Amino acid sequence: MKIIVANWKMNNGFDEVDQWIEAFYEVFFKKIEDDNVVEVVLCPPNIMLDYIDTQLIEDGFHFLEYLSEKYGKQPEEFSLEEIKKYVYDSRALKLGAQDCGFENEGQFTGDVSAKQLKEVNCEYIIIGHSERRKYHHETNEIVSKKVALAVKNDITPILCIGEPSEIRQEGKHFEYIKNQIKNSLPFIGYKKLLIAYEPIWAIGTGITATPIEIAEMADFVHNVLKTETSIFIENFYLLYGGSVNSSNSSEILDIKGIDGLLVGKASLNFDEFGKILMNNK
Ligand code: PGA
């Protein structure tokens, strides 16, 4: 299964949320019986999470009603486990946050914790995005604390790594990525972990890393995890991010070792994002 993550960053409003979700269901609604080959994660600004979660819960209950008609079963005859499965776990759209605080609670004005994000049913958190590292001075040490808190709150971290262009020009990108991985991942067990390789020079620039560059790095990241850390990861997915759009997405997803995409600009409008999903359905 591939995972495609939409990272809205600080863009879009509630009108766009409504349009996007409506279009999503039109194009992509897949019933639970179908093979789900793509998991879609939406990471909007935090203020929209609760609103979207409520809509997804309602849609989940509609789905339960549909199943109860289909199987001639009263809704109250479903067990709690089945309700959880149909209303929450089988959501066609998963919710993610773009960041979390480095503590679970306390005097941290402006921050939102992983524990709070869990309350609005976030299943993923993007952590250590290069824009957070650049504009909020996040170090690997802070990133590592956030990853630990996501896991502690039963949320899957999407750890972002990626080198600046001068590091690549100097030929030091592998070393740089190895350090980022080793210092951003706390030594804990992971039920599920996503790492997004996003070369900084490819983010929002229209320049995508070449398939060869991506494949080399994918191979390297898998190797570092295996040989340089002794972290136990049950399910690992490596995503690529950086100027992904509907014309390059299929080619990137076909690269060996790449299990998904982190999409910024091309995810804001569903016309374009829908094409990325449909290409890879
Ligand atoms: P982009 O952003 O697709 O606009 O390059 C990707 C990201 O920063 O996650």
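Residues numbered from 1 in each chain as written. Predicted model: local features only at pLDDT ≥ 70, side-chain atom pairs only at ≥ 80, totals over all residues. Heavy atoms only, no water.

### Notes on the site of the ligand
1) Next: Near the ligand there are 13 residues, and of these Lys 9, His 129, Glu 198, Gly 204 and Ser 243 occur at the shortest range.
2) Next: Glu 198 has a polar side-chain atom sitting 2.8 Å from an oxygen atom of the ligand.
3) Next: Here Gly 264 contributes a backbone N or O atom positioned 2.9 Å from an oxygen atom of the ligand.
4) Next: For the ligand, whose free accessible area comes to 280 Å², the fraction covered by protein is 97%.
5) Next: Class assignment of the residues belonging to the shell around the ligand gives a composition of four nonpolar, six polar and three charged. (Near = heavy atom within 4 Å. Polar contact = N/O pair within 3.5 Å; in protein donor to acceptor, adjacent residues only side chain to side chain. Areas by Shrake-Rupley, 256 points an atom, 1.4 Å probe, with all protein chains shown as cover. Nonpolar A, V, L, I, M, F, W, Y, C, P; charged D, E, K, R; others polar.)

### Details of the pattern of salt bridges
1) Next: In total, this model carries 18 salt bridges according to the counting rule given.
2) Next: In this structure, Asp 53 engages Arg 91 in a salt bridge whose closest nitrogen and oxygen atoms are separated by 2.6 Å. Separated by 38 residues along the polypeptide, Asp 53 in helix α2 (residues 49-70) and Arg 91 in the loop between α3 (80-89) and β3 (93-97) bring together distant segments of the chain.
3) Next: What makes Asp 53 buried here is its relative accessible area of 4%.
4) Next: When the shortest N-O distance is used, the salt bridge between Lys 94 and Glu 123 registers 3.7 Å. Residue Lys 94 is located in strand β3, and its partner Glu 123 is located in the loop between α4 (114-119) and β4 (124-127); the two are separated by 29 residues in the primary sequence.
5) Next: For Lys 94, a relative accessible area of 6% translates into the label buried.
6) Next: Taking the relative accessible area as the measure of exposure, Glu 123 reaches 26% and is therefore partly exposed.
7) Next: Where salt bridges share partners, they join Asp 99, Arg 132, Glu 138 and Lys 146 into one cluster. (Salt bridge = Lys/Arg side-chain N within 4 Å of Asp/Glu carboxyl O. Helix = DSSP H or I, 4+ residues; strand = E, 2+ residues; numbered from the N terminus. Buried < 20%, exposed > 50% of the residue type's maximum accessible area, 1.4 Å probe, protein only.)

### Re the sheet that holds strand β7 (residues 233-241)
1) Next: Overall, parallel pairing links the eight strands, which are arranged β1-β2-β3-β4-β5-β6-β7-β8 in a closed barrel. Looking at each pair of strands side by side, their axes are set apart by 25° on average, direction ignored.
2) Next: Note that β4 and strand β5 (residues 156-161) share four bridges and pair parallel. By the bridge assignment for β5, Ile 125 is matched with Pro 157.
3) Next: In this fold α2 packs onto β2 (38-43) and β3, with an angle of close to 165° to the strand it touches most, β3. (Pairing = 2+ DSSP bridges. Axes fitted to C-alpha atoms, helices over the stretch in contact; angles between N-to-C directions. Contact = heavy atoms within 4.5 Å.)

### Some thoughts on the nonpolar core
1) Next: Within the largest apolar cluster, 65 residues are counted, with the highest numbers of intra-cluster contacts made by Trp 20, Leu 185 and Phe 273.
2) Next: If one sorts the elements of this core by residue count, helix α9 (residues 211-227) sits on top with six residues.
3) Next: Beyond its immediate sequence surroundings of up to four residues, Leu 185 is in contact with Ser 144, Val 147, Leu 159, Tyr 190, Leu 193, Ile 195, Leu 225 and Ile 231.
4) Next: The next biggest cluster of nonpolar side chains, apart from the first, holds 13 residues, and it includes Tyr 124, Ile 126, Ile 158 and Cys 160. (Core = buried A, V, L, I, M, F, W, Y, C linked by side-chain atoms within 4.5 Å.)

Purely geometric stuff here, so don't read any function into it on its own.
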